[in-house]
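Next come the chains, spelled out residue by residue.
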Amino acid sequence: MQTLLIIAIIFLAIMVVVSLIRGIVAFLKTTKVDLENNTSETVSEMQLMQNKAMFDRIKYQGLAILVVAILLAVSQ
């Protein structure tokens with residue numbers, strides 16, 4: 001059981017990093033020129049991508065904390 005929980009923690013940690021990188025890439029695609037030109041089509045698409053990536057990151061972090069709590073409860 002502990003091995004399965006540790007694997008789940010590792011998987012969730014990897015997913016947190018992937019989501020973080022995806023959010024940063026989406027953020028970097030929103031360039032200063034896009035914001036100055038007020039191209040609402042591109043800006044809103046990039047903002048939606050950023051929001052989704054960051055929400056995914058928070059979701060995976062919460063799940064990882066939950067798995068750690070379960071691991072601590074099971075190990076005692």
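Residues numbered from 1 in each chain as written. Predicted model: local features only at pLDDT ≥ 70, side-chain atom pairs only at ≥ 80, totals over all residues. Heavy atoms only, no water.

**Notes on the pattern of salt bridges**
For clarity, the threshold we go by: The term salt bridge refers to a pairing of a side-chain nitrogen on Lys or Arg with a carboxyl oxygen on Asp or Glu at a separation within 4 Å. A run of H or I in DSSP counts as a helix once it spans at least four residues, and a run of E counts as a strand once it spans at least two, with each numbered from the N terminus. Partly exposed residues are those whose accessible area sits between 20% and 50% of the maximum for their type, while under 20% is buried and over 50% is exposed, using a 1.4 Å probe and protein chains only.
Under the defined criterion, the tally for this structure stands at two salt bridges. The shortest N-O distance in the salt bridge between Asp 56 and Lys 52 comes to 3.1 Å. One end of the pair, Asp 56, and the other, Lys 52, are both in helix α3 (residues 40-75), four residues apart, so they sit about a helical turn from each other. Its relative accessible area of 10% is what places Asp 56 among the buried residues. Residue class for Lys 52 comes out partly exposed when judged on its relative accessible area of 48%. Linking Asp 56 and Lys 59 is a salt bridge whose minimum nitrogen-to-oxygen distance equals 3.5 Å. Separated by three residues within a single helix, Asp 56 and Lys 59 lie in helix α3, roughly one turn from each other. Each of Lys 52, Asp 56 and Lys 59 takes part in salt bridges that share partners, so that together they form one network.

**Concerning the nonpolar core**
Heads up, the rule is: The definition of a nonpolar core used throughout is a set of buried Ala, Val, Leu, Ile, Met, Phe, Trp, Tyr and Cys residues joined through side-chain atoms within 4.5 Å. When checking whether two residues touch, look at their non-hydrogen atoms; a contact exists if any pair is within 4.5 Å.
The biggest cluster of nonpolar side chains holds seven residues, and these are Leu 5, Leu 12, Val 16, Tyr 60, Ala 64, Val 67 and Leu 71. Secondary-structure elements contributing two or more residues to this core are α1 (2-29) and α3. When near neighbours in sequence (up to four residues on either side) are disregarded, Val 16 contacts Arg 57, Tyr 60 and Gln 61.

**Details of the packing of aromatic side chains**
The following threshold applies: Whether two aromatic rings pair depends on their centres lying within 6.5 Å, for rings of Phe, Tyr and Trp, where Trp uses its six-membered ring; planes under 30 degrees apart make the pair stacked, over 60 edge-to-face, and the rest tilted. Whether a charge sits over a ring comes down to the Lys NZ or Arg CZ being within 6 Å of the ring centre and within 35 degrees of the ring normal.
On inspection of all chains with the given rule, the structure shows zero aromatic pairs. Directly above the ring of Tyr 60 sits Lys 59, whose terminal nitrogen or CZ lies 5.2 Å from the centroid.

**Observations concerning the environment of Leu 20**
Positionally, Leu 20 belongs in helix α1. Apart from residues lying up to four places away in sequence, Leu 20 is in contact with Met 54 and Arg 57.

**Brief notes about the environment of Val 74**
In this structure, Val 74 sits in helix α3. Given the relative accessible area of 40%, Val 74 is considered partly exposed. With 69 residues separating them in the primary sequence, Val 74 and Leu 5 have C-alpha atoms 9.9 Å apart.

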